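# Examining the three-dimensional arrangement
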Amino acid sequence: MLTNETQPGDDQGFLLPPADTPEIRRGSWCSLPQDDPVAAYLAKEHLEKMLEPPAWEVARLSSAAYVYRERNSGSAAVAKFYAVKTSRSADKYAHREFRVTQEAQSICHKGGEFRAVRPLSVWRGVLFVEHIDGLTLEDVIAVRRSRPGTLLPSIERIARFLAHLHANGIRADEPVHFDWEINDTRDILDDLSNHGVIEDNPVIQSGLKTLIDRWADSTEMRSYTSVLNHGDATTSNFIFPWQGEMVTIDWERARPGDPAADLGRLMAELSHSLKQHGGSIAEAMPFIEHLQASYRQALPAGRDVAALLARSRFYMAASTLRIARNGWVSRLDRTALVAQALAWLSE
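Quick summary incoming for the structure in this document. Note that residues are indexed from 1 along each chain, following the sequence as it is written. Since the coordinates come from a predicted model, pLDDT governs what is reported: local features require at least 70, and pairs of side-chain atoms require 80 or more to be given and counted, while whole-chain, interface and lining totals use all residues. Working from all heavy atoms in the structure, the side-chain values ignore hydrogens and water.

Right, let's get into the overall build of the chain. In terms of regular secondary structure, the chain is built from twelve helices and 14 strands. In terms of overall size, the chain behaves like a compact globule, its C-alpha atoms giving a radius of gyration of 21 Å where 347 residues would be expected to give roughly 20 Å. Dimensions of the chain, computed from the C-alpha atoms along their principal axes, are close to 65 × 50 × 45 Å. In the chain, the proportion of contacts linking residues at least 24 apart, taken out of those at least 6 apart, comes to 69%. Residue exposure ignores everything except the shown protein chains as possible cover, and the areas themselves are Shrake-Rupley values with a 1.4 Å probe. A total of about 16300 Å² of accessible surface is found on the chain, and carbon and sulfur atoms cover 49% of it. Charged side chains of the chain number 39 positive and 46 negative; the gap between the two group centres comes to 2 Å. Put simply, DSSP H or I for four residues or longer makes a helix, DSSP E for two residues or longer makes a strand, and each gets a number counted from the N terminus. Atoms counted for the radius of gyration: C-alpha only. Globule rule: 2.2 Å times residue count to the power 0.38. Only heavy atoms matter for contacts: two residues are in contact if any of them lie within 4.5 Å across the pair. When charges are counted, Lys and Arg contribute as positive and Asp and Glu as negative, whereas His and the chain ends are disregarded. Positions of charges follow a simple convention, taking NZ of Lys, CZ of Arg, CG of Asp or CD of Glu.

In spatial order, the strands read β7-β13-β12-β10; together these four strands make up an open sheet with mixed pairing. Strands at the two margins of the open sheet, each flanked by one partner only, are β7 (114-116) and β10 (134-136). Neighbour-to-neighbour, the strand axes of this sheet turn through a mean angle of 30°, independent of strand direction. In this scheme, strands are said to pair when DSSP sees at least two bridges between them. Judged from the three bridges that link them, β10 and strand β12 (residues 238-241) form a sheet pairing that is antiparallel. Within the sheet, the bridge partner assigned to Thr 136 lies in β12 and is Ile 239. Most of the contacts of helix α6 (residues 151-168) go to β12, to which it runs at about 125°, and overall it touches β7, β12 and β13 (246-248). Helix axes are fitted only over the stretch in contact, all axes being lines through C-alpha atoms; the angle between N-to-C directions runs from 0 to 180 degrees.

Attention now goes to the sheet that holds strand β6 (residues 76-81). As summarised here, the arrangement of the six strands in space is β3-β4-β5-β6-β9-β8, forming an open sheet in which the pairing is antiparallel. Lying at the two open borders of the sheet, with one neighbouring strand each, are β3 (30-31) and β8 (119-123). Along the sheet face, helix α2 (residues 37-45) touches β4 (56-60), β5 (65-70), β6, β8 and β9 (126-130) and points at about 130° away from the line of β8.

In structure tokens form, the structure reads like this:
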């Protein structure tokens, strides 16, 4: 059976995830002892009283997120262990995500179509949210050929969600900025130049630096009204349950900013995911264009969508460079990603 350890923090200590075992690394359900602190907390705070002894099990979603399920009732919740991410600041950041997820819930609910995941509580550096059982956008992309007709409607629903979030999450009092995004992209370029796939290619390094500097000097990149952004619009963070609304999870990086950032990030992730699941850039482009068209159609009248879509090219390129930094992507694919980013920055 698995056990939890603690990280120094408050009087009780911040909880760490269950022990790393071969079974849990393989994605299996693993039984928990009766005195497991997370299971005991969930049973007390978030489950109705049960007549029979609970039988808890856990499965790993990521290095910091685990799903806990009570077998008899089928009740389940996701636990996000912030001590893995931020050590002594675990409670601070867990509470921040709890609050911003509550805010997203109030903004992003459109009955029958989409909503934000429901946050449950924070305890000992752990954020608890409802568990959503369904296919992620990544899954929908992977099975698009065996389940024809599912990918385009999924993309349309996500586009409507982003348009709704951006239209209803306006932060007009927030300062408009572009420096953070530029500096982050320059840091990514430094990583690729010093340790990545363009380490021995000064021509590509110089070309990317020149293009990024050109975007940095563009006044158009600062011509927007701040909105609440999801901040991590990847193919893993949109879930399509077997029935009901699409649910958006993982609001950890949500913050005010340019709505083009969410859109560009998703464009890059969509392109890469299609390539990873047997597609090509040529196949990806119509889906990207459909995402843009659906987003444009869902926005209220009067928005300068052309300028927003033009800005999204930078964020698409920056996110593509971010993906190219990942060691789990093959060297050949990372090199192709750098070439794609170069092309998008050049447009």
